[in-house]
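# Examination of the molecular architecture
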Amino acid sequence: MDHGLTVGDGVFETLKAVDGAAFAMDRHLRRLARSAQGLGLPEPDLDQVRRAGEAVLAANPMPYGRLRITYTGGTSPLGSERGDTGPTLVVALGTASVRPDTTAVVTVPWTRNEKGALAGLKTTSYGENVVALAQAHRNGASEALFANTQGRLCEGTGSNIFVVIGGKLLTPPLASGCLAGITRELVAEWSGAEEADLPFDALDEAEELFLTSTLRDVQGIHAIDGRPVPGAPGPVTAKAMRTFAERAAAHPNP
């Protein structure tokens, strides 16, 4: 009867957990609150969420994991309207694997709606991502990339995209409809990337490309739709990878 299950009325965060400590906790909690506000959910008690995350991590020691915080509309009628019992908070932890330095991606024909009610929110309404990611896996790739309704480069199913064009490191702006990724934000700060409104075919002209996400960190792209990207990870990507690894190790809650 939980609204997060019946109609996807919920928000969530995924945090990388290394040796029992979650990375960038404060930034993730702030985004959880922004997503909840955008969905019209009650403001979460972030101190309670933090304590719950720390308790789950302490009870399940592991060297590398995925901490998932889910906050939903709570028990509700079997329809779109919310009930009045209050929200549900679920914190879970699972093992994760360190990703390889590069990966293959595919493009998909479906689009992100940059004008939609959920644009830019990290909600549990993830069905579109499930379908697109399944297509990527069927084609030997680990991620699928979306354009938005205007044919502009947007994001992956669970990642942000960066491209190097003319030696400049660029990433789509939030106005494209992409998620304000935490790793995206840190890479932009630490590596000097600029936001740029890019056509979808920028994927074809880019000299280098990489993905960012909580568990990918910075991951180069070595193939798009089966077309090799020579030299991946290229020099700009490799530098961004080193910078992120060094800064993240030095500042676990940047």
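Up top you'll find the structure we're talking about.
Described below are features of the structure shown in this document. (Residues numbered from 1 in each chain as written. Predicted model: local features only at pLDDT ≥ 70, side-chain atom pairs only at ≥ 80, totals over all residues. Heavy atoms only, no water.)

### Considerations on the overall build of the protein chain
Across its full length, the protein chain carries 7 helices and 13 strands. In summary, the protein chain has a C-alpha radius of gyration of 18 Å against a globular reference of 18 Å for 254 residues, a match within 12%. When each of the 254 residues of the protein chain is scored for burial, the buried share is 49%. For the protein chain, contacts bridging at least 24 residues in sequence account for 69% of all contacts bridging at least 6. Accessible surface, the protein chain: about 11700 Å² in total, of which carbon and sulfur atoms supply 53%. For the protein chain, the distance from the average site of its 23 positive side-chain charges to the average site of its 29 negative ones is 2 Å. (Helix = DSSP H or I, 4+ residues; strand = E, 2+ residues; numbered from the N terminus. Rg over C-alpha atoms; globule rule 2.2 N^0.38 Å. Buried < 20%, exposed > 50% of the residue type's maximum accessible area, 1.4 Å probe, protein only. Contact = heavy atoms within 4.5 Å. Areas by Shrake-Rupley, 256 points an atom, 1.4 Å probe, with all protein chains shown as cover. Lys, Arg positive; Asp, Glu negative; His and termini not counted. Charge placed at Lys NZ, Arg CZ, Asp CG, Glu CD.)

### Let's talk about unusual backbone geometry
Following Ala232, the chain continues to Pro233 via a peptide bond in cis, the omega torsion being -5°. Unusually for a residue other than glycine, Asp19 sits at a positive phi of about 50°. Tracing the sequence through the fold places Asp19 in the loop between strand E1 (10-18) and strand E2 (21-22). Phi is positive for Asp225, which is not a glycine, with a value near 50°. With respect to the element layout, Asp225 can be found in the loop between strand E12 (217-224) and strand E13 (227-228). The class for Asp225 is partly exposed, based on a relative accessible area of 44%.

### Observations regarding the packing of helix H2 (residues 25-39) against helix H3 (residues 46-59)
It is at 11 Å that the axes of H2 and H3 come closest, and there the two elements cross at 130°. With respect to H3, the axis of H2 lies oblique. Between H2 and H3 the crossing geometry is right-handed. Facing H2, whose interface residues are Met25, Asp26, Leu29, Leu32 and Ala33, H3 presents Leu46, Val49 and Arg50. Taken together, the residues of the contact of H2 with H3 sort by class into 6 nonpolar, no polar and 2 charged. (Axes fitted to C-alpha atoms, helices over the stretch in contact; angles between N-to-C directions. Parallel < 35°, antiparallel > 145°, perpendicular 65-115°, else oblique. Left-handed = near helix turned anticlockwise from the far one by under 90°. Nonpolar A, V, L, I, M, F, W, Y, C, P; charged D, E, K, R; others polar.)

### Some points on the sheet that holds strand E3 (residues 64-72)
The strands making up a sheet associate through backbone hydrogen bonding, with each pair oriented either parallel or antiparallel. The strand order E2-E1-E3-E4 describes an open sheet built from 4 strands, whose pairing is antiparallel. Bordering the open sheet on either side are E2 and strand E4 (88-95), each of which pairs with just one other strand. Examined bridge by bridge, E3 and E4 share 8 bridges and lie antiparallel to one another. Note that in E4 the partner of Arg68 across the bridge is Ala92. This element, H2, spans E1, E2 and E3 of the sheet and lies at about 170° to E1. (Pairing = 2+ DSSP bridges.)

### Regarding the environment of Asn60
Mapped onto the elements of the fold, Asn60 is located in the loop between H3 and E3. Judged by relative accessible area, which is 36%, Asn60 ranks as partly exposed. For the pair formed by Asn60 and Gly94, sequence separation is 34 residues and the distance between their alpha carbons is 9.0 Å.

### Brief notes about the pattern of salt bridges
Applying the stated criterion across every chain, the model contains 11 salt bridges. One salt bridge in this structure joins Glu189 and Arg27, with 3.1 Å as the shortest N-O distance. In this pair, Glu189 is assigned in helix H5 (residues 182-191) and Arg27 in helix H2, connecting sequence segments 162 residues apart. Ionic contacts of the salt-bridge type, sharing partners, join the residues Arg27, Glu185 and Glu189 into one network. (Salt bridge = Lys/Arg side-chain N within 4 Å of Asp/Glu carboxyl O.)

### A word on the packing of H5 against helix H7 (residues 235-250)
As a packed pair, H5 and H7 sit with axes 10 Å apart at the nearest point and diverge in direction by 105°. Between H5 and H7, the angle falls in the class roughly perpendicular. Of the residues in H7, those in contact with Thr183, Leu186, Val187, Trp190 and Ser191 of H5 are Ala240, Thr243, Phe244, Arg247 and Ala248. Taken together, the residues of the contact of H5 with H7 sort by class into 6 nonpolar, 3 polar and 1 charged.

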